[in-house]
Amino acid sequence: MTEHPFGYIIGDKIYLKGFLGQEDRVIGEVKEDEASTFRYFEGRFDTVKQKVEKLKSDIQENQNKGSFLMKLIHLKSSLMSYDGLGDFPELIKELEEQEAYLEEIIQSNRQKNLEIKNELIQEAETYKDSTDWKETSEVFKELKLKWLKTGPVEKELEEEINKKFQDILDVFYGNRKNYFDGLALQAEQNIKVYENLLERAREAYNLADVKTAFEISKRIQKEWKTSGRVPASKRQPIWDEFSKINNRIFSKYKRMSQSMPTISPGLMIKKIDRWAEEMRLLSKGEVNESKLNQAKKLQGEWKKLPPKKPRNAQQSIGSFVFFSEIIFEKSFLDKLCHSKYDGFAEMPETEQNSLKINLLKDLIARDQRELVTVRENAENFRSQEGEFDHIMRKKIAAHKRKVDVKNSILKELTNN
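Residues numbered from 1 in each chain as written. Predicted model: local features only at pLDDT ≥ 70, side-chain atom pairs only at ≥ 80, totals over all residues. Heavy atoms only, no water.

Draft legend 1. Representation of the overall build of the protein. When helices and strands are counted, the protein shows 12 helices and four strands. Taken over 416 residues, the protein has a buried fraction of 36%. Residue pairs in contact within the protein that sit at least 24 positions apart in sequence constitute 69% of those at least 6 positions apart. A total accessible area of about 25900 Å² is found for the protein, and carbon and sulfur atoms account for 50% of it. (Helix = DSSP H or I, 4+ residues; strand = E, 2+ residues; numbered from the N terminus. Buried < 20%, exposed > 50% of the residue type's maximum accessible area, 1.4 Å probe, protein only. Contact = heavy atoms within 4.5 Å. Areas by Shrake-Rupley, 256 points an atom, 1.4 Å probe, with all protein chains shown as cover.)

Below, the structure written as structure tokens:
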């Protein structure tokens, strides 16, 4: 046996003396001679010793010293089974000293990290209930970045402190989501407001009273400006039609103002009364082409009157409209029967009347259903604005008049 301070050779085997509770173990074989074999394994020890020195140097030179802890632990562990000849206990002692040094630094850093993260939590807490979504989102973005850049805390505190921070983020982002979800819902409701304004514009455009239509147009345009926000892509098509209709209302009002005839209230009442009586007489009995043309001529004269008419003429105005509709309804009914029933013109009058009566009853039933629907819609979309209620009353009155007109014709046919 040939001795070495840290090992020995027996036969062709070289041994490392046991250390730190380990037994002696074979680390290699004698290749040439014993002296060169000792030098070879001494060189291997020098190599690992240089690694230890390099690691110690790296730890001293780098700011983030804690990042070397795992490398140090792995190197220390590898020394227990490393094949070389040298003072391994001394190397391990040096590494353990470095390990204690690093753990002290890490412990200090973890305490600092805890302090930093607690400060971040406190700062986040002050913004948790903020409703300045854009600015606060940027603040939380910065806080999250700082949190990620801050190292770990003690393992037993890690889960708890992460949860505290995340819970605060969840409150803010949850509130923000609810807010924007609410905005989306509000936008849908606002769209209905714009659609309602568009419908009111259409109703105004169809009013016979151009001045009233113009006043309504001005008011609903003001309402449009104060209505809630919606995505431009959804609002624009509604606006295009809304503005077009209001421009037409203005053009009608402008033309009326420029061409409005001058006529005294008394003379206007006389004309209305006369035309209402003429229309009443035309509505009696069968409506032929001649009667239809006379009715159209009277309507043409009627349109030349100023939009605003005397209060004393309201009854005659109602009569004029009612008997006009009877004439045109009779004409429509006659044409419908001729197209619906073959040989209608050659049928006896009693048979013609019977077919007209049956057809009228179906039409009346349909109109009554429509009247119920219009009334229900008026209730569902009741507005605080007076002109909207006025429009809805006009619409209901028009549907009711359709039913009354048909019932009047039905009564006349039934009595024949």
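Additional details are given in the paragraphs that follow.
Draft legend 2. Fine view of the packing of helix α9 (residues 289–303) against helix α10 (residues 314–340). With their axes 10 Å apart at the nearest point, α9 and α10 run at an angle of 145° to one another. As α9 packs across α10, the resulting crossing turns out to be left-handed. Residue-level inspection shows Leu292, Ala295, Lys296, Leu298, Gln299 and Trp302 of α9 in contact with α10, the latter providing Ile317, Phe320, Ser324, Ile327, Phe328 and Ser331. (Axes fitted to C-alpha atoms, helices over the stretch in contact; angles between N-to-C directions. Left-handed = near helix turned anticlockwise from the far one by under 90°.)

Draft legend 3. Layout of the packing of aromatic side chains. All chains considered together, the criterion is met by 20 aromatic pairs. Plain terms: the ring middles of Trp239 and Phe242 are 6.0 Å apart, the flat faces sit at 40° to each other, and that makes the pair tilted. Taken as a pair, Trp239 and Phe242 lie in helix α7 (residues 232–259) at a separation of three residues, close to a single helical turn. Note on Trp239: relative accessible area 32%, which makes it partly exposed. With a centroid separation of 5.6 Å and 75° between ring planes, the pair formed by Phe322 and Phe323 is classed as edge-to-face. Joined through ring pairs, the aromatic side chains of Phe19, Phe45, Tyr82 and Phe88 make up one cluster. When the ring centre of Tyr82 is taken as reference, the NZ or CZ atom of Arg44 above it lies at 4.7 Å. Across the ring face of Tyr205, the terminal group of Lys252 is positioned such that the distance to the ring centre comes to 4.4 Å. (Phe/Tyr/Trp six-rings, centres within 6.5 Å; stacked < 30°, edge-to-face > 60°. Lys NZ or Arg CZ within 6 Å of the ring centre and 35° of its normal.)

Draft legend 4. Structural view of the pairing of strand β2 (residues 7–10). Pairing geometry for strand β1 (residues 2–4) and β2, over three bridges, is antiparallel. Within β2, the residue paired with Thr2 across the bridge is Ile9. Where β1 folds back onto β2 in an antiparallel hairpin, the turn is made up of two residues. Where β2 lies against strand β3 (residues 13–16), four bridges are found, and the strand directions are antiparallel. (Pairing = 2+ DSSP bridges.)

Draft legend 5. Representation of the packing of helix α2 (residues 69–79) against helix α3 (residues 88–127) in the model. Put simply, α2 and α3 touch, their axes get as near as 10 Å, and they point 160° apart. Judged on the interaxial angle alone, α3 and α2 are roughly antiparallel. Note on packing geometry: the crossing formed by α2 with α3 is left-handed. Contacts between α2 and α3 pair Leu69, Leu72, Ile73, Leu75, Lys76 and Leu79 from the former with Phe88, Leu91, Ile92, Leu95, Glu96, Gln98, Glu99, Leu102, Glu103 and Ile106 from the latter. Residue composition of the contact of α2 with α3, by class: 11 nonpolar, one polar and four charged. (Parallel < 35°, antiparallel > 145°, perpendicular 65-115°, else oblique. Nonpolar A, V, L, I, M, F, W, Y, C, P; charged D, E, K, R; others polar.)

Honestly, it's all geometry; don't read function into it.
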